[in-house]
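Commentary on secondary and tertiary structure
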Amino acid sequence: MSDGDQKPKLSASRKVHLKGLMLLVAKERLEQEKNDREEQKSAYMADNVIRLELSHLSSQELQDLCRELHKTIDKVDEERYDMQVRVEKNDKEIKELQMKIYDLRGKFKRPPLRRVRMSADAMLRALLGSRHKVSMDLRANLKSVKKDDKEEKEVGDWRKNVEAMSGMEGRKKMFDIAGQA
């Protein structure tokens, strides 16, 4: 890469200034979104909610109005419940599809494994559960080896031994020693 390919670095003060500007713009956008939501809400309420004038109504008319309001409330409640069930169904379907995607990719989150020291008995108990009754002492099954005192040789000067074994005479001695054993 040549010097012309690299981007010029920004100074720390310039970075802080740009970050401040970005935060300011983000704050303004959040406030604008909040105001837009409030306007939408008030417009919806004005379109769908009727202003009630209760002062000139008789008791029978008030009862009829209450019945109509209860019917409307029940209808809206049913719609809300249906929408809620649809949303839950879609969420469940989305989760199932995400699991299928992970299965197809073959990428699973594997937990970090720790090395655990475990004896053979503990391992068998973990694998077989309560069925494992036999203790497995691996050292008990090893053969015992007795050391022979005859094999111990006197340690001498190694140079004499090398000189003696060199040449054909040394090879003959090594062959004879191997044949005797």
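Residues numbered from 1 in each chain as written. Predicted model: local features only at pLDDT ≥ 70, side-chain atom pairs only at ≥ 80, totals over all residues. Heavy atoms only, no water.

Rules: UniProt positions are given in the numbering used here, feature names are shortened, and annotations may be inferred rather than shown by experiment.
The chain is annotated in an unreviewed UniProt entry as Troponin I, slow skeletal muscle-like isoform X2 of Petromyzon marinus. For the record of the chain, the UniProt heading Function (unreviewed entry) holds the text "Troponin I is the inhibitory subunit of troponin, the thin filament regulatory complex which confers calcium-sensitivity to striated muscle actomyosin ATPase activity."

**Focus on the overall build of the chain**
Where we set the bar: Only runs of H or I of at least four residues qualify as helices and only runs of E of at least two qualify as strands under DSSP, and these elements are numbered from the N terminus. For each residue, the accessible area found with a 1.4 Å probe, counting protein chains only, is set against the maximum for its type, and the residue is called buried under 20%, exposed over 50%, and partly exposed in between. For every accessible area listed, the method is Shrake-Rupley and the probe measures 1.4 Å; residues are considered covered only by the protein chains on display.
A tally of regular secondary structure across the chain gives 5 helices and 0 strands. The order of α-helices and β-strands along the chain, N terminus first, is α-α-α-α-α. Per-residue burial over the chain gives 2% buried out of 181 residues. Put simply, the chain shows about 19,500 Å² of open surface, and 56% of that area lies on carbon and sulfur atoms.

**What to know about a negative patch on the surface**
Selection rule: Like charges within 9 Å and nonpolar side chains (Val, Leu, Ile, Met, Phe, Trp, Tyr) within 5 Å are joined into patches, using only residues over 30% in relative accessible area that form no salt bridge. When a carboxyl oxygen of Asp or Glu lies within 4 Å of a side-chain nitrogen of Lys or Arg, that pair is called a salt bridge. In summary, the charge assignment counts Lys and Arg as positive and Asp and Glu as negative, without counting His or the chain termini. Charged groups are reduced to one reference atom each: NZ for lysine, CZ for arginine, CG for aspartic acid, CD for glutamic acid.
Negative charge collects at one region of the surface, where D74, E78, E79 and D82 lie side by side. Within the secondary structure, D74 sits in helix α2 (residues 59–105). Taking the relative accessible area as the measure of exposure, D74 reaches 46% and is therefore partly exposed.

**Looking at the pattern of salt bridges**
Enumeration according to the criterion identifies 2 salt bridges in this entry. When the shortest N-O distance is used, the salt bridge between R67 and D64 registers 3.1 Å. Residue R67 and its partner D64 are located together in helix α2, separated by 3 residues, close to a single helical turn. R67 gets classed as partly exposed once you look at its relative accessible area, which sits at 47%.

**Concerning the layout of surface pockets**
The following threshold applies: Both site types are read off a 1 Å grid over the protein atoms alone. A 1.4 Å probe that fits but cannot get out defines a cavity, while an open set with protein on both sides within 12 Å along at least five of seven lines defines a pocket; lining residues have an atom within 4 Å of a point. Grid points are joined across faces, edges and corners, and a volume is the space filled by probe spheres set on the points.
In this structure, the largest pocket encloses a volume near 440 Å³. Forming the boundary of the largest pocket are 14 residues, of which N48, V49, I50, L69 and T72 lie nearest the centre. Taken together, the elements giving at least two residues each to the lining of the largest pocket come down to α1 (12–48) and α2. For the lining of the largest pocket, the leading source of residues is α2, giving 8 residues.

**Observations regarding a nonpolar patch on the surface**
Together, L52, L54, L62, L69 and I73 give the surface a local cluster of nonpolar side chains, amounting to about 410 Å² of exposed area. Mapped onto the elements, L52 comes out in the loop between α1 and α2. Residue classification places L52 among the partly exposed positions, given a relative accessible area of 43%.

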